[in-house]
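# Summary of the model geometry
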Amino acid sequence: MTLIKSISGIRGTIGGPCGEALTPVDIVKFTYAYCERLRRHAAPKRGRFKVVVGRDARISGAMVEQLVCGTLVSCGVDVVRCGLASTPTTELAVRFAGADGGIIITASHNPREWNALKLLNSEGEFLSAAEGNEILEIADSGDFNFASVDELGHIEDHDFTDEHVDSVLALEAVDADAVRRAGFTVVVDAINSVGALIMPRLLEKLGVRCILLNGTPDGDFAHNPEPLPQNLTGLSEAVRREHADLGISVDPDVDRLAFFCENGEPFVEEYTLVAVADYLLERASAAGVKPLHTVSNLSSSRALRDVTERWGGSWFAAAVGEVNVTTKMHETGALIGGEGNGGVIYPASHYGRDAMVGTALFLSQLARKKMSASAYKATLPQYFIAKNKISLSDRSLIDKILESVKEHYAAERVNTVDGVKVDFEQKRSWVHLRRSNTEPIIRIYSEAPTEAEARALGEEVIAIAQGILK
């Protein structure tokens, strides 16, 4: 049983005692706290507060939705219920509906027994650390005051899927005509969730032949829902069998995106953002747009930096976490940003990871280049990432290990914004150590031009850590 409270909301497994799982009591408490924070800091846009609610297709989703919507109504808040909707659809729906905020019911790539509440501001963006902490404090206070019978909110239902698709097609950078002329065949693994509802609609409007795998949105995931190669062997096989041009995998809430080349090989999730950025930077450079800024988190591939500099731009690093990336994007006026987990954030659409936007831009690039996915991948900077972790019985050792690594590599470029990241400029490699927010572990990511170099760098850092543990 697991319950995790964080600045971005609350998540956990369904079923079990309070304090050890995500229970109806927790859901009501946090939804109330979200409403209370609205009342404290904002005036409603249209007379009464309005909050958008959307969910992925998890088995527990309908139950959680009923609790969230009922609590909002009991707080005197009107609800726009999106029903089954992707995370980016719900984010955009906040703006489409002129709402004061939004709540997304999804546990993203976590297994079927998990669910979560993700909380949005009036721009459809995730709350800041300070805003999230205030909600945690309100929820823990136990001081609740609900609306009278004459002040209860109301619920209206609205499916924003088509508005979302139309907004993607309306983006200037999406070359829908070129994609239609290319006549692509694409296999989509929708992992039995809301991707099955929106991805085919987008691809159909782009003139793409879509072959759908795991297309029943019932939340009974056909495999581990995280879009990693080891979980997507069925997609790889289908791409080869169908002689498709591309394979597309999304996670259950459709904010992460991974591609497979026409030969069934992974395009590599880290390169989703790199490829989309390459396309947008080339277009912007040709149009004389300045400045050309990109952002990714500290654990994402150096390839984005290389591509950005190739087109005369500047790359900026953010701490791990979508809200940290979007904050840095706002600060720098970034053209494009995101995370190496397949998260593409394109401000011309909205400040949130969006697999539909990423798909449309990637297909536009392939159509423009008139290249296969594998041939295009070969034109991008080539790096390999090794991912390791160290489990600790004593959390107090984490700081000692981080400090030891920092001292060991003092002659290199060291960044301590989020753990310790060491850049080896001459070797075009890096290693990043950061503590887990939920487990007594240190995550160690290392990247280099070859797999052997990346693994060796990770092992070198592990050896330093083990010296502390002896």
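Residues numbered from 1 in each chain as written. Predicted model: local features only at pLDDT ≥ 70, side-chain atom pairs only at ≥ 80, totals over all residues. Heavy atoms only, no water.

An unreviewed UniProt entry lists the protein under the name Phosphoglucosamine mutase, with Candidatus Cryptobacteroides avistercoris given as the organism. In UniProt, the protein has this text filed under Cofactor (unreviewed entry): "Mg(2+)". Word for word, the UniProt comment on the protein under Sequence similarities (unreviewed entry) is "Belongs to the phosphohexose mutase family." (UniProt positions renumbered as here; feature names shortened; annotations may be inferred.)

Our focus in this paragraph is the side chain of His 164. Examined against the element boundaries, His 164 turns out to sit in helix H5 (residues 161–169). Take His 164: its relative accessible area is 0%, and that puts it in the buried class. In contact with His 164, other than residues within four places in its own chain, are Ser 86, Pro 88, Thr 89, Leu 92, Phe 96, Ile 198, Asp 354 and Met 356. (Helix = DSSP H or I, 4+ residues; strand = E, 2+ residues; numbered from the N terminus. Buried < 20%, exposed > 50% of the residue type's maximum accessible area, 1.4 Å probe, protein only. Contact = heavy atoms within 4.5 Å.)

The UniProt entry lists residues 8–144, 171–264 and 271–380 under the feature "domain: Alpha-D-phosphohexomutase alpha/beta/alpha" (unreviewed entry), expressed in the numbering used here. Helix makes up 29% of residues 171–264 and strand 20%, whereas the separation of the span's terminal C-alpha atoms amounts to 29 Å. The distance separating the terminal C-alpha atoms of residues 271–380 is 9 Å; by composition the span is 50% helix and 15% strand.

Another point: the environment of His 330. Its place among the elements puts His 330 in helix H11 (residues 322–332). You can call His 330 partly exposed: its relative accessible area is 43%. Through-space distance from the C-alpha of His 330 to that of Val 295 is 10.0 Å; in sequence the pair is 35 residues apart. In contact with His 330, not counting residues within four places along its chain, are Glu 125 and Tyr 351. A distance of 3.1 Å separates polar atoms of two side chains, one belonging to His 330 and the other to Glu 125. (Polar contact = N/O pair within 3.5 Å; in protein donor to acceptor, adjacent residues only side chain to side chain.)

In this structure the tally under the stated criterion is ten aromatic pairs. Between Phe 259 and Phe 362, the aromatic rings sit 4.0 Å apart at their centres with planes inclined by 20°, giving stacked as the arrangement. You can see Phe 259 sitting in strand E11 (residues 257–260) and its partner Phe 362 sitting in helix H12 (residues 355–369), a full 103 residues away along the chain. Residue Phe 259 shares its accessibility class with Phe 362, and that shared class is buried. When the centroid spacing of 6.4 Å and the interplanar angle of 20° are considered together, the rings of Phe 267 and Tyr 376 count as stacked. (Phe/Tyr/Trp six-rings, centres within 6.5 Å; stacked < 30°, edge-to-face > 60°.)

A word on empty space enclosed by the protein. This model, assessed by the stated rule, comprises four cavities of 30 Å³ or more. Of the voids in this model, the largest cavity is the one considered here, and its volume is about 50 Å³. In terms of lining residues, the largest cavity is bounded by Ser 300, Ser 301, Arg 302, Arg 305, Trp 315, Arg 413, Lys 421, Asp 423 and Trp 430. Taken together, the residues of the lining of the largest cavity break down into two nonpolar, two polar and five charged. Its boundaries defined by the atoms lining it, the second largest cavity holds a volume of some 40 Å³. Around the second largest cavity, the lining residues are Pro 227, Leu 228, Pro 229, Leu 232, Ala 258, Phe 259, Phe 260, Pro 266, Val 268 and Glu 269. (1 Å grid on protein atoms, 1.4 Å probe; cavity = no way out; pocket = protein on both sides within 12 Å on 5 of 7 lines; lining within 4 Å. Points joined across faces, edges and corners; volume = space filled by probe spheres on them. Nonpolar A, V, L, I, M, F, W, Y, C, P; charged D, E, K, R; others polar.)

It is worth spelling out helix H3 (residues 87–96) at this point. With eight of ten residues buried, H3 is to be regarded as a mostly interior element. One or two positions beyond H3, positive phi appears at Gly 98, with a value near 60°.

The next thing to look at is the sheet that holds strand E20 (residues 441–448). In a beta sheet, neighbouring strands are held together by backbone hydrogen bonds and run either parallel or antiparallel to one another. One open sheet accounts for five strands, arranged E16-E20-E19-E18-E17; its pairing is antiparallel. Whereas interior strands pair on both sides, the edge strands pair on one side only; in this sheet they are strand E16 (384–391) and strand E17 (413–415). Going from strand to strand, the sheet's axes swing by 15° on average, the running direction of each strand aside. In the sheet, E17 pairs with strand E18 (residues 420–424) via three bridges, with the strands oriented antiparallel. From the neighbouring strand, Asn 415 faces E18, where its bridge partner is Lys 421. Sheet strands touched by helix H14 (residues 396–408): E17, E18, strand E19 (429–435) and E20. Its angle to E19, the strand with the most contacts, is close to 160°. (Pairing = 2+ DSSP bridges. Axes fitted to C-alpha atoms, helices over the stretch in contact; angles between N-to-C directions.)

Consecutive residues of a regular strand have side chains that alternate between opposite faces of the sheet. With six of seven residues buried, E19 lies mostly within the body of the structure. Strand direction decides the pairing type here: E18 and E19, joined by five bridges, are antiparallel. Within E19, the residue paired with Val 420 across the bridge is Leu 433. Counting the residues between successive antiparallel strands, the hairpin from E18 to E19 contains four residues, one of them, Arg 428, with a positive phi of roughly 55°. Bridge count between E19 and E20: six bridges; the pairing is antiparallel.

In this section: unusual backbone geometry. Cis geometry marks the peptide bond from Lys 290 to Pro 291, where omega comes out at -5°. Even without a glycine there, the phi angle at Asn 192 is positive, about 55°. Within the element layout of this structure, Asn 192 appears in the loop between strand E8 (185–189) and helix H7 (195–205). Overall, Asn 192 belongs to the buried group, its relative accessible area being 7%.

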